[in-house]
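Residue-level structure breakdown
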Amino acid sequence: MVCLAAGQGRSYSYDLSNQSDLRALYNSQVFLANLMKRPLDHMSSEFGLLSHSGVRVTLEDGTQWLVHKGRGFGISSQTVVVDAHHMSSAWRIVKTQNFQGSKTVSDFVKAGGSDYSLIFDNCHLGARRMMKQ
């Protein structure tokens, strides 16, 4: 399994820069989660396990966020949350699960894990843990 290795040599941008907005997002209840998959960057299609996985969560207000991980994705954690409007059309839904507000965005980030390892803790394993919590 291979995950997108991004962020190396690039600066970080933020969808939310206000601490109170970030706290509110992390404490928001997740009602629906979609396990998502897409081809790696610079590939036109998924080639076996050469792909990238993440979980798109839908909150009570209908907003959607992608929780995913990869080498160099974040600063203190390699699992990050980005506004789903950044997702390309290459993403596809693999599985849908209704969490009915029983989990928060923070729970998904924790399940994804703060570290990244290509073999032992990659995007696919992190996304699976998010869906199984």
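Let me sum up the structure you'll find in this document.

Calculation criteria
- Residues numbered from 1 in each chain as written.
- Predicted model: local features only at pLDDT ≥ 70, side-chain atom pairs only at ≥ 80, totals over all residues.
- Heavy atoms only, no water.
- Pairing = 2+ DSSP bridges.
- Helix = DSSP H or I, 4+ residues; strand = E, 2+ residues; numbered from the N terminus.
- Axes fitted to C-alpha atoms, helices over the stretch in contact; angles between N-to-C directions.
- Contact = heavy atoms within 4.5 Å.
- Salt bridge = Lys/Arg side-chain N within 4 Å of Asp/Glu carboxyl O.
- Buried < 20%, exposed > 50% of the residue type's maximum accessible area, 1.4 Å probe, protein only.
- Phe/Tyr/Trp six-rings, centres within 6.5 Å; stacked < 30°, edge-to-face > 60°.
- Polar contact = N/O pair within 3.5 Å; in protein donor to acceptor, adjacent residues only side chain to side chain.
- Patch = residues over 30% accessible without salt bridge, like charges linked within 9 Å, V, L, I, M, F, W, Y side chains within 5 Å.
- Areas by Shrake-Rupley, 256 points an atom, 1.4 Å probe, with all protein chains shown as cover.
- Core = buried A, V, L, I, M, F, W, Y, C linked by side-chain atoms within 4.5 Å.

**A closer look at the sheet that holds strand β1 (residues 29-39)**
Read from one edge to the other, the open sheet built from five strands follows the order β4-β3-β2-β1-β5, with strand pairing classed as antiparallel. The open sheet has two free edges, formed respectively by β4 (79-83) and β5 (92-104), since each of these has just one partner strand. On average, each strand axis in the sheet is inclined to that of its neighbour by 25°, with strand direction left out of account. Relative to strand β3 (residues 64-69), strand β2 (residues 51-59) is paired through five bridges, and the arrangement is antiparallel. Counted as the bridge partner of Val55 is Val67 from β3. Most of the contacts of helix α3 (residues 123-132) go to β2, to which it runs at about 30°, and overall it touches β1, β2, β3, β4 and β5.

**With respect to the pattern of salt bridges**
Counting across every chain of the model gives three salt bridges. One salt bridge in this structure joins Arg38 and Asp41, with 3.6 Å as the shortest N-O distance. A relative accessible area of 8% means that Arg38 is categorised as buried. The network of salt bridges with common partners includes Lys69, Asp121 and Arg129.

**Observations regarding the packing of aromatic side chains**
Summed over all chains, the structure comprises one aromatic pair. Between Phe99 and Phe108 the ring centres are 5.1 Å apart and the planes differ by 75°, which places this aromatic pair in the edge-to-face class. Each of the two residues, Phe99 as well as Phe108, counts as buried.

**Details of the side chain of Thr79**
Within the secondary structure, Thr79 is located in strand β4. Polar contacts involving the side chain of Thr79 include one to the main-chain carbonyl oxygen of Gly113, which spans 2.4 Å. When near neighbours in sequence (up to four residues on either side) are disregarded, Thr79 contacts Val67, His68, Lys69, Val109, Gly112, Gly113 and Met130.

**Digging into unusual backbone geometry**
Its identity as a non-glycine residue notwithstanding, Gln100 has a phi of 50°, on the positive side. Looking at Gln100, the relative accessible area reads 62%, which means it is exposed.

**A word on the environment of Tyr26**
Turning to its location among the elements, Tyr26 is positioned in helix α1 (residues 19-26). By relative accessible area, Tyr26 is classed as partly exposed at 25%. When the C-alpha positions of Tyr26 and Phe108 are compared, they lie 9.1 Å apart, and in sequence the two are 82 residues distant. Those residues within four positions of Tyr26 in sequence are excluded, and the remaining contacts are Val81, Thr104, Val105, Ser106 and Val109.

**Quick word on a nonpolar patch on the surface**
Together, Leu118, Ile119 and Phe120 make up a nonpolar patch on the protein surface, roughly 360 Å² of accessible area in all. Inspection of the secondary structure puts Phe120 in the loop between α2 (105-112) and α3.

**Here's the deal with the nonpolar core**
By size, the foremost hydrophobic cluster in this structure holds 18 residues, and its most contacted members are Val55, Val57, Val105 and Phe108. Secondary structure elements with two or more residues in this core: β1, β2, β3, α2 and α3. The element that contributes the greatest number of residues to this core is α2, accounting for four residues. When neighbours within four sequence positions are excluded, Val55 is seen to be in contact with Ala33, Asn34, Leu35, Trp65, Leu66, Val67, Phe108, Ala127, Met130 and Met131. Ranked by size, the runner-up nonpolar core spans five residues in total, among them Met36, Leu66, Met87 and Trp91.

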